[in-house]
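So you can see what is in the structure, the chains are spelled out below.
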Amino acid sequence: EDQVTQSPEALRLQEGESSSLNCSYTVSGLRGLFWYRQDPGKGPEFLFTLYSAGEEKEKERLKATLTKKESFLHITAPKPEDSATYLCAVGGATNKLIFGTGTLLAVQP
Amino acid sequence: DAMVIQNPRYQVTQFGKPVTLSCSQTLNHNVMYWYQQKSSQAPKLLFHYYDKDFNNEADTPDNFQSRRPNTSFCFLDIRSPGLGDAAMYLCATSRDMGYEQYFGPGTRLTVT
């Protein structure tokens, strides 16, 4: 069964304190791994797609990496505006996205 | 900017009173999805349309129906809302199955 587990459930950082969020997955025939940002009361905002192990993508202070079992979202020198829930999802042989429950990130000034 | 639009953003309905939520897209994507998301939970896929082909998830209650009259619009009908149907309803689109999905801002449904 396709499954996505994100850790930690919640993370509190000081502004400038770099850290990583984890997304572990099991999927039949990985088509892509997707990262989203979701602000309270809003829909998820697409960040990255990773297709194969070893791939990396960057956007501002965010960098996503992928192995055969997990993905990391690295946040370098975060700012308060990076506070949000970060969702990971995998697309497999069913062509549907399986979402994790997210990591709630709070960055304090 | 190409986007996914949902209306209304907030909807209050009474127990058992039918309600319709709408979604439109300017991305010209083939696939449109409806998700239900409750607090601190992952989005749960209700159904999707690939072009005009409707695909229902096995565990989606019969109380939920959908219509896609054309490429740009999709509607979610809840025939008899219960208190357990209070949630955020998210519409998403993708150019094809398995590709990244783009979400609208969501409709927050309250059932009184």
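Residues numbered from 1 in each chain as written. Chains lettered and ligands numbered in written order. Predicted model: local features only at pLDDT ≥ 70, side-chain atom pairs only at ≥ 80, totals over all residues. Heavy atoms only, no water.

Asks: Looking at this structure, how should I read the layout of surface pockets?
Replies: Using a probe with the size of a water molecule, rolled over the atoms, empty space left in the structure can be pinpointed. Its boundaries defined by the atoms lining it, the largest pocket holds a volume of some 490 Å³. Along the walls of the largest pocket sit 20 residues, with A:Q38, A:T85, B:S39, B:S40 and B:Q41 positioned nearest its centre. Every element with two or more residues in the lining of the largest pocket is listed here: β9 (84-91) and β11 (103-108) of chain A. Considering every element that reaches the lining of the largest pocket, the biggest residue donor is β9(A), with three residues. Considered class by class, the residues forming the lining of the largest pocket number five nonpolar, ten polar and five charged. (1 Å grid on protein atoms, 1.4 Å probe; cavity = no way out; pocket = protein on both sides within 12 Å on 5 of 7 lines; lining within 4 Å. Points joined across faces, edges and corners; volume = space filled by probe spheres on them. Helix = DSSP H or I, 4+ residues; strand = E, 2+ residues; numbered from the N terminus. Nonpolar A, V, L, I, M, F, W, Y, C, P; charged D, E, K, R; others polar.)

Asks: Before we go on, may I ask you to explain the sheet that holds strand β7 (residues 62-66) of chain A in this structure?
Replies: All names here are of chain A. Taken in spatial order, the five strands of this open sheet run β1-β3-β8-β7-β6, and their pairing is antiparallel. Two strands bound the open sheet, and with one partner strand each, they are β1 (3-7) and β6 (56-59). For this sheet, the mean inter-axis angle between neighbouring strands, taken without regard to orientation, is 15°. The pairing of strand β3 (residues 19-26) with strand β8 (residues 70-75) spans six bridges and is antiparallel. Note on β8: the bridge partner recorded for N22 is F72. (Pairing = 2+ DSSP bridges. Axes fitted to C-alpha atoms, helices over the stretch in contact; angles between N-to-C directions.)

Asks: Sorry, what's going on with the nonpolar core here?
Replies: Side chains that are nonpolar tend, in soluble globular proteins, to be buried together. Ranked by internal contacts, the top residues of the largest apolar core, which has 22 residues, are A:L33, A:W35, A:L73 and A:Y86. Considering each element in turn, this core owes the most residues, four residues, to β9(A). Beyond its immediate chain neighbours, meaning those up to four positions away, A:Y86 contacts A:Q6, A:L21, A:W35, A:Y36, A:R37, A:L47, A:L62, A:L73, A:G102, A:T103 and A:L105. Membership of the second largest hydrophobic core comes to 18 residues, among which are B:L21, B:W34, B:L46 and B:L109. (Core = buried A, V, L, I, M, F, W, Y, C linked by side-chain atoms within 4.5 Å. Buried < 20%, exposed > 50% of the residue type's maximum accessible area, 1.4 Å probe, protein only. Contact = heavy atoms within 4.5 Å.)

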